[in-house]
Amino acid sequence: MANVTVIGAQWGDEGKGKIVDWLASRADAVVRFQGGHNAGHTLVIDGHVFKLSLLPSGIVSGTLSIIGNGVVLDPWALKSEVEKLEGQGVSITDDNFAIADNCPLILPMHRDLDGLREAAAGKGKIGTTGRGIGPAYEDKVGRRAIRVCDLAHLDTLDPQLDRLCAHHDALRAGFDQPPVDRAALLEELREIAPFVMRFAQPVWKRLKKVKRAGAKILFEGAQGVLLDVDHGTYPFVTSSNTVSGTAASGSGLGPNSTGFVLGIVKAYTTRVGSGPFPTELDDADGQTLGERGHEFGVVTGRKRRCGWFDAVIVRQSCAISGVTGIALTKVDVLDGFETVKICTGYRLRGKVYDYLPAHAADQAAVEPIYEEMEGWQQTTAGARSWADLPANAIKYIQRVQELIETPVALVSTSPERDDTILVRDPFMD
Ligand code: IMP
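About the thresholds
Residues numbered from 1 in each chain as written. Predicted model: local features only at pLDDT ≥ 70, side-chain atom pairs only at ≥ 80, totals over all residues. Heavy atoms only, no water. Helix = DSSP H or I, 4+ residues; strand = E, 2+ residues; numbered from the N terminus. Rg over C-alpha atoms; globule rule 2.2 N^0.38 Å. Areas by Shrake-Rupley, 256 points an atom, 1.4 Å probe, with all protein chains shown as cover. Lys, Arg positive; Asp, Glu negative; His and termini not counted. Charge placed at Lys NZ, Arg CZ, Asp CG, Glu CD. Buried < 20%, exposed > 50% of the residue type's maximum accessible area, 1.4 Å probe, protein only. Pairing = 2+ DSSP bridges. Near = heavy atom within 4 Å. Polar contact = N/O pair within 3.5 Å; in protein donor to acceptor, adjacent residues only side chain to side chain. Nonpolar A, V, L, I, M, F, W, Y, C, P; charged D, E, K, R; others polar. Contact = heavy atoms within 4.5 Å. Axes fitted to C-alpha atoms, helices over the stretch in contact; angles between N-to-C directions. Patch = residues over 30% accessible without salt bridge, like charges linked within 9 Å, V, L, I, M, F, W, Y side chains within 5 Å. Salt bridge = Lys/Arg side-chain N within 4 Å of Asp/Glu carboxyl O. Domains from an automatic or database assignment. Buried area = accessible area lost by both parts, 1.4 Å probe. Parallel < 35°, antiparallel > 145°, perpendicular 65-115°, else oblique. Left-handed = near helix turned anticlockwise from the far one by under 90°. 1 Å grid on protein atoms, 1.4 Å probe; cavity = no way out; pocket = protein on both sides within 12 Å on 5 of 7 lines; lining within 4 Å. Points joined across faces, edges and corners; volume = space filled by probe spheres on them.

Trainee: Which parts of the structure should I look at to understand the overall build of the chain?
Mentor: Along the backbone of the chain there are 12 helices and 18 strands. In terms of overall size, the chain behaves like a compact globule, its C-alpha atoms giving a radius of gyration of 22 Å where 429 residues would be expected to give roughly 22 Å. Across its three principal directions, the C-alpha atoms of the chain cover 65 × 50 × 35 Å. Per element, the accessible surface of the chain, about 17,200 Å² overall, is 50% carbon and sulfur. Distance from the positive charge centre (46 side chains) to the negative charge centre (54 side chains) of the chain: 4 Å.

Set out below in structure tokens:
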């Protein structure tokens, strides 16, 4: 079986877009299985830049692209992304795009609540993307959500709206906000329904067919394992499970379908939003990483926090997600440093840890233990074989691989699709 599941092994923004795009060009179907339009994937193809938030990356190359039930879908954000891509010449039809009919919707009230809570939290805020992701997932597990299939039954939506609005109106009252305008919401849903319903179907069935035909399926994860609602730096996490196992539950294919798990790992570490970050650099090196790596969020434009590579969290992510091999990205950002550092463990109250403890206060207090390596002055940008890399860059990559106890399958050396060193082809495994 030649399926591949791609996940981020840090706090997101590892450069998944390029790798997914490269794999998508050889896949028969690409499936998003969690998250929503909080994700930001940048694809650069023949010098053209495509920015995706909600649509699977396969859409640009015309591959069958599927939004699974594990995603929370903002129908208005979807429409504007589809229109933007169509404006760039991408064809999106009910032939190459499908949405799970059991996918929960993100509604304006979710975005409101996300914003109100963050504003009220002051210093304790999570630093969400403000897209309403958390509140929409809360309504899903609270069994109050409006789902894609409900858009075909708007005339009988009242009892569901009663439950949903009773919940939200109480929360809104606590923030001195007026109740939800139900009439306006229904009107907006009526307007958007035909656009969404054009693509809606039982995706699990479509995937079953695709699988039976022996097709190659690419599962495209968003965010990263350290943002997973169970395994991440809770409560500074997103509201979905970002680990590889979600590819099965979030799409409707069994756990034996996820195939090769490819963990995307950036050669240093970044994080956007609040929360613990043991190797964060507040100095000139951190500044250099941010500038060279163009570390600004695709979705929110926020400046990302930067730091040295943390082998502890990546080793943990690889174990939790059963990573078969990693794609190491942005090695070229480290070009020119005299020395580069890798975090190999943490010190906390006199004890050494080889993992990130679960408690938020401990996560914030751990001190990184670093190993220093000699840097390299030559450029690695655009390298396509090991022979193109300086010896110290190769040593660095080998050390990373050793410390995370997971082999390197790919090294990406620029945003361009072909600037990649292929060690092991995930689809051929
Ligand atoms: P939410 O997903 O908008 O609720 O945000 C929760 C946390 O996840 C915040 O720290 C966000 O910055 C972070 N986050 C959400 N999506 C992404 C992403 O695609 N890349 C990086 N961080 C993300």
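Still more ground to cover, so stick around.
Trainee: Can you walk me through the environment of Tyr 370 in this structure?
Mentor: By the secondary structure assignment, Tyr 370 is in strand β16 (residues 367–374). Separated by 25 residues in the primary sequence, Tyr 370 and Gly 345 have C-alpha atoms spaced 7.5 Å apart.

Trainee: What's the story with the pairing of strand β13 (residues 325–329) in this structure? I'm lost.
Mentor: As a general feature of sheets, a regular strand has side chains that alternate between the two faces. For β13, a buried count of five out of five residues is recorded, marking the element as mostly surrounded by other parts of the structure. Here β13 shows a buried face lined by Gly 325, Ala 327 and Thr 329 and a second buried face lined by Ile 326 and Leu 328. With five bridges joining them, strand β9 (residues 260–266) and β13 adopt parallel strand pairing. Across the sheet, residue Lys 266 finds its bridge partner in β13, namely Thr 329.

Trainee: Can you help me understand the pairing of strand β8 (residues 217–220) in this one?
Mentor: Side-chain alternation along β8 places Ile 217 and Phe 219 on one buried face and Leu 218 and Glu 220 on a second face that is also buried. The pairing of strand β1 (residues 4–8) with β8 spans three bridges and is classified as parallel. Bridge pairing links Val 6 to Glu 220 in β8. Relative to β8, strand β2 (residues 29–32) is paired through four bridges, and the arrangement is parallel.

Trainee: How should the site of the ligand be read in this particular structure?
Mentor: Lining the immediate environment of the ligand, one finds 16 residues, of which Asn 38, Thr 129, Thr 238, Val 272 and Arg 302 sit closest. The separation between an oxygen atom of the ligand and a polar side-chain atom of Asn 38 is 2.9 Å. Burial of the ligand by the surrounding chains reaches 96%, relative to a free accessible area of 470 Å². Considering only residue class, the shell around the ligand consists of six nonpolar, eight polar and two charged.

Trainee: Can you walk me through unusual backbone geometry in this structure?
Mentor: Note on backbone geometry: most residues besides glycine have negative phi, and most peptide bonds are trans. With an omega dihedral of 5°, the bond running from Tyr 234 to Pro 235 counts as a cis peptide bond. Relative to the helices and strands, Pro 235 is located in the loop between β8 and α8 (246–249). For Arg 143, which is not glycine, the phi dihedral falls at a positive 60°. Positionally, Arg 143 belongs in the loop between α4 (133–141) and α5 (158–174). Notably, Arg 349 is not glycine yet its phi reads approximately 45°, a positive angle. Along the chain, Arg 349 falls in the loop between β14 (339–348) and β15 (351–353).

Trainee: Hey, could you run me through the sheet that holds strand β5 (residues 64–67) in this one?
Mentor: Pairing between sheet strands relies on hydrogen bonds along the backbone, with the strands arranged either parallel or antiparallel. One open sheet holds the 10 strands; their spatial order is β7-β6-β5-β2-β8-β1-β9-β13-β17-β18, and the pairing between them is mixed. Each end of this open sheet is capped by a strand with a single partner; those strands are β7 (200–201) and β18 (420–422). As judged from the four bridges shared by β2 and β5, these two strands associate in the parallel manner. Note that in β5 the partner of Ala 29 across the bridge is Leu 64. Sitting on the sheet, helix α7 (residues 203–212) touches β2, β5, β6 (97–100), β7 and β8, and the angle it makes with β5 is about 145°.

Trainee: Teacher, can you tell me more about a negative patch on the surface here?
Mentor: On the surface, Asp 181, Glu 187, Glu 188 and Glu 191 cluster together into a negatively charged patch. Tracing the sequence through the fold places Glu 188 in helix α6 (residues 182–197). Here Glu 188 falls in the partly exposed class, since its relative accessible area comes to 33%.

Trainee: Any chance you could explain the domain arrangement of the chain here in plain terms?
Mentor: When the parts come together, some accessible area is lost, and that loss is often what is quoted as the size of the interface. Partitioning the chain into structural domains gives domain 1 (4–100 + 199–260), domain 2 (108–196) and domain 3 (265–428). For domain 1 versus domain 3, the distance between C-alpha centres works out to 23 Å. Listed by partner, the interface residues are 46 residues for domain 1 and 44 residues for domain 3. On the domain 1 side of the interface with domain 3, the three residues burying the most area are Trp 11, Lys 18 and Phe 260, jointly 23% of the side's total.

Trainee: Sorry if this is basic, but what is going on with the packing of helix α2 (residues 75–87) against α6 here?
Mentor: The description of two packed helices rests on the angle between their axes and on the distance between the axes. Across the interface, α2 lies against α6 with an axial gap of 10 Å and an inter-helix angle of 50°. Overall, the two elements α2 and α6 adopt an arrangement that is oblique. In this structure, α2 crosses over α6, and the sense of that crossing is left-handed. Judged by residue contacts, Pro 75, Trp 76, Leu 78, Lys 79 and Val 82 of α2 engage Glu 188, Leu 189, Ile 192, Phe 195 and Val 196 from α6. A per-class count over the contact of α2 with α6 returns eight nonpolar, no polar and two charged.

Trainee: Explanation requested: empty space enclosed by the protein in the structure shown.
Mentor: Over the atoms rolls a probe the size of a water molecule, and its path tells where empty space is left. Per the stated rule, a full pass over the model turns up one cavity of 30 Å³ or more. By volume, the largest cavity amounts to about 40 Å³. Surrounding the largest cavity, Val 225, Leu 226, His 231, Ile 313, Gln 316, Ser 317 and Ile 320 form its lining. Here the residues of the lining of the largest cavity sort into four nonpolar, three polar and no charged. Taken domain by domain, the lining of the largest cavity gets at least three of its residues from each of domain 1 (4–100 + 199–260) and domain 3 (265–428).

Trainee: So what exactly am I meant to see when it comes to α4 here?
Mentor: Every buried residue of α4 is listed here: Ile 133, Gly 134, Pro 135, Ala 136, Tyr 137 and Asp 139. In this structure, the buried side of α4 is in contact with α3 (108–121) and α5. Positive backbone phi, approximately 60°, marks Arg 143, located one or two places after α4.

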